[in-house]
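Coordinate inspection notes
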Amino acid sequence: MTRKLQEGIYHAPKTRPGKFFVILFLRAGEGFNASQIGEAFLKLWEVYQGLKNGKIRDLPDHPVPSGDLTVLVGYGPNVFKLANVQHPLPRDLDSKNQFRSPRPTGGGSLMIGSGLQYTDDIRSNFATEEIVVQFIAETQLAVNRAVVETWKILREMTDVDTSTAPLLQTSFYSGFQREDHRSWIDFHDGLSNMKSEEREKAIVVKPRPSTEQDDQWTEGGTYLAFLRLGVDLDIWQTLDRQQQELLVGRDKLSGCPLEKLTSEGKPVGSVGCPFIGTKEVSDIEDGNLKFLEPKKVADTVIDQSHVQRANRHVDPVEDRNSLRIFRQGYEFLEPIESYPGFRAGLNFVSYQDTPERLRRILTQSKWLGSTNFGGDPVAPVPGMDSFLTVRAAGVFLVPPVIDGELFPGANIFFEAD
Ligand code: HEM
């Protein structure tokens, strides 16, 4: 039986993620069993396969541009509580690798040991539903249309007398890619996102040991972690360039990793970086490759920076203890009524063979633990203790594609023939 990763994970060499992103959450209606939820999702899946070919149900024989849409489906822990479900909860999806709920009054810690908090105005987390669908496309229309077409189908499935439906669309979040390879804080992002040849080793669920036979069906799949993070640019803009660089661990303009501080406390980048004749490490030039992943440093301040805390150089990547993850984030900007009139942030998305990798990055004190971005958690730069805040968060199993299966993960819902 061949198993491969679902589409929508742009890990292979020379692939680039599509420009637009939507992540959509579906809740199972109360009282519906696994096969009823599976049947309902199958209808959606068929519509999605049509959209990928430009087919719209309400426009028969009138194809539209598909925008190179890709569709990926994942499942949260609650799916495994449905009546007649075919598998027990996979070990790696259990509560130790899940995020906590926000406080009923808003805010609250994301995980014990993590410095990430929910934003004060967040009282419910919608990224915990049974099903998650990730849409990525080259056009905003293609990802947005998938949301509206989902709604049309679910509307048809709703019983008019009782208003019940097997699946309910609870929320969706959208984002976009940046062609400048930077993030809202103006620094480069994605530079050290593992070599493309190595990524699959960190992403794909490995063969399960014989003691974990009941999880063998997850082999060849992966786990998706999603965090909708608000980035407080008002705080960031109060910092000078040097403070920002020490928090990130890179030079702001060139992207060169910082290595040490001068006796006056000025950060110094790697020698020979960027490569002669280039201005930035992101300039495609072989001489820059060695600067993409920051090296271990002796200086304590630089050692506490974001890039150092996010990768402690433990090899090999296929070992879960390396805590390497494949990040595929999309930025967002949305209007709000209060100052400054917008909210900027990142849809943090990572793929890994076990969510334990991300949990340990976020909670271990040598890693990001106790901080929400980086720096010294005991004496944080003023304001940095609430620089990143969480608006929604969830962890999902993304089962492999298996030849002949109705949709990835169909074996959770339907008995095998
Ligand atoms: C909880 C959320 C986050 C986690 C777990 C995380 C994790 C990581 C990881 C693993 C790396 C690569 C380090 C390496 O392999 O050498 C990285 C780099 C980086 N991250 Fe984050 N990150 C998070 C949030 C953010 C946010 C919200 C921003 C921007 C506001 C950001 C900005 C950066 C930058 C500028 C880099 C350096 C560029 C690069 O090396 O790719 N991160 N982060």
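Residues numbered from 1 in each chain as written. Predicted model: local features only at pLDDT ≥ 70, side-chain atom pairs only at ≥ 80, totals over all residues.

Now for the overall build of the chain. What the chain contains, in helices and strands, is nine helices and 14 strands. Taken against the 2.2 N^0.38 rule, which gives 22 Å for 417 residues, the C-alpha radius of gyration of the chain at 22 Å falls within 12% of a compact globule. Principal axes of the C-alpha set define a box for the chain whose edges measure 75 × 50 × 45 Å. The long-range share in the chain, meaning contacts at least 24 apart out of those at least 6 apart in sequence, stands at 71%. (Helix = DSSP H or I, 4+ residues; strand = E, 2+ residues; numbered from the N terminus. Rg over C-alpha atoms; globule rule 2.2 N^0.38 Å. Contact = placed C-beta atoms within 7 Å.)

Taken together, 27 residues lie near the ligand, and Phe-187, Leu-191, Ser-192, Ala-310 and Asn-311 sit nearest. At the level of secondary structure, the elements contributing two or more residues to the shell around the ligand comprise strand 7 (222–231), helix 7 (306–309) and strand 12 (342–352). Of the residues in the shell around the ligand, the class split is 16 nonpolar, seven polar and four charged. (Near = placed C-beta within 6 Å. Nonpolar A, V, L, I, M, F, W, Y, C, P; charged D, E, K, R; others polar.)

The subject of this paragraph is helix 2 (residues 140–157). Given a rise of 1.5 Å per residue, 18 residues ought to cover 26 Å, and the 27 Å separating the end C-alpha atoms of helix 2 matches this to within 8%. All of the buried residues along helix 2 are Ala-142, Val-143, Arg-145, Ala-146 and Thr-150. Down the axis of helix 2, the sector holding all buried residues measures 155°, keeping them to one side. Summarising the geometry of helix 2, the exposed residues directed more than 90 degrees from the buried face are Val-148, Lys-152 and Arg-155. Turning to helix 2, the residues buried within the fold contact strand 2 (20–28), helix 1 (34–52), strand 5 (131–137) and strand 6 (167–176). (Expected span 1.5 Å × (residues − 1). Buried ≥ 20, exposed ≤ 12 C-beta atoms within 10 Å, placed from the backbone. Arc of directions from axis to C-beta.)

Looking now at the domain arrangement of the chain. As assigned here, the chain comprises domain 1 (3–243 + 297–413) and domain 2 (251–293). Across the contact, 13 residues belong to domain 1 and twelve residues belong to domain 2. Listing elements by their share of the side of domain 1 that touches domain 2, those giving two or more residues are helix 5 (241–248) and helix 6 (300–303). Partitioning the side of domain 1 that touches domain 2 into residue classes produces six nonpolar, four polar and three charged. (Domains from an automatic or database assignment.)

Here we come to helix 1. Taking 1.5 Å of rise per residue, 19 residues should cover 27 Å, and helix 1 covers 26 Å from first to last C-alpha, within 8% of that figure. Among all positions of helix 1, only Ala-34, Ile-37, Gly-38, Ala-40, Phe-41, Leu-44, Tyr-48 and Leu-51 are buried. Here the buried residues of helix 1 occupy an arc of 165° about the axis, which is enough to place them on one side. Where helix 1 is buried, its residues contact strand 2, strand 3 (70–75), strand 5, helix 2, strand 6 and helix 9 (410–413). Downstream of helix 1 by a residue or two, Gly-54 has a phi angle that is positive, lying close to 75°.

A general tendency of soluble globular proteins is for nonpolar side chains to be buried together. With 90 residues, the main nonpolar core has Phe-135 and Leu-224 as its most contacted residues. When neighbours within four sequence positions are excluded, Leu-224 is seen to be in contact with Gly-74, Val-132, Val-349, Tyr-351, Phe-396 and Val-398. Judged by nonpolar contacts, the second largest core, of five residues, contains Leu-191, Cys-256, Cys-273 and Val-281. (Core = buried A, V, L, I, M, F, W, Y, C linked by C-beta atoms within 7 Å.)

The sheet contact formed by strand 8 (residues 258–261) and strand 9 (residues 267–269) spans three bridges and is antiparallel. For Leu-261, the partnering residue across the bridge sits in strand 9 and is Pro-267. As consecutive antiparallel partners, strand 8 and strand 9 are separated by five residues, and within that stretch Gly-265 has a phi angle of approximately 85°, a positive value. (Pairing = 2+ DSSP bridges.)

Attention now moves to the packing of helix 1 against helix 2. At their nearest, the axes of helix 1 and helix 2 sit 10 Å apart, and the two run at 145° to each other. Considering only the axes of helix 1 and helix 2, their crossing is right-handed. Counted together, Ala-40, Lys-43, Leu-44, Val-47, Tyr-48 and Leu-51 of helix 1 and Arg-145, Ala-146, Glu-149, Thr-150, Ile-153 and Met-157 of helix 2 form the full contact between these two elements. Here the residues of the contact of helix 1 with helix 2 sort into eight nonpolar, one polar and three charged. (Axes fitted to C-alpha atoms, helices over the stretch in contact; angles between N-to-C directions. Left-handed = near helix turned anticlockwise from the far one by under 90°.)

For strand 2, a buried count of eight out of nine residues is recorded, marking the element as mostly surrounded by other parts of the structure. Of the pairings in the sheet, the one linking strand 2 to strand 5 comprises seven bridges and is antiparallel in character. The residue of strand 5 that forms the bridge with Phe-25 is Val-132. As judged from the nine bridges shared by strand 2 and strand 6, these two strands associate in the antiparallel manner. From the neighbouring strand, Leu-26 faces strand 6, where its bridge partner is Gln-169.

Look at the link from Cys-273 to Pro-274: it is a cis peptide, with omega at -5°. Mapped onto the secondary structure, Pro-274 falls in the loop between strand 9 and helix 6. In this structure, the amide linkage connecting Asp-315 to the following residue, Pro-316, adopts the cis form with an omega of -10°. Residue placement: Pro-316 occurs in the loop between helix 7 and strand 10 (326–327). Non-glycine residue Asp-61 carries a positive phi angle of around 60°. Its place among the elements puts Asp-61 in the loop between helix 1 and strand 3.

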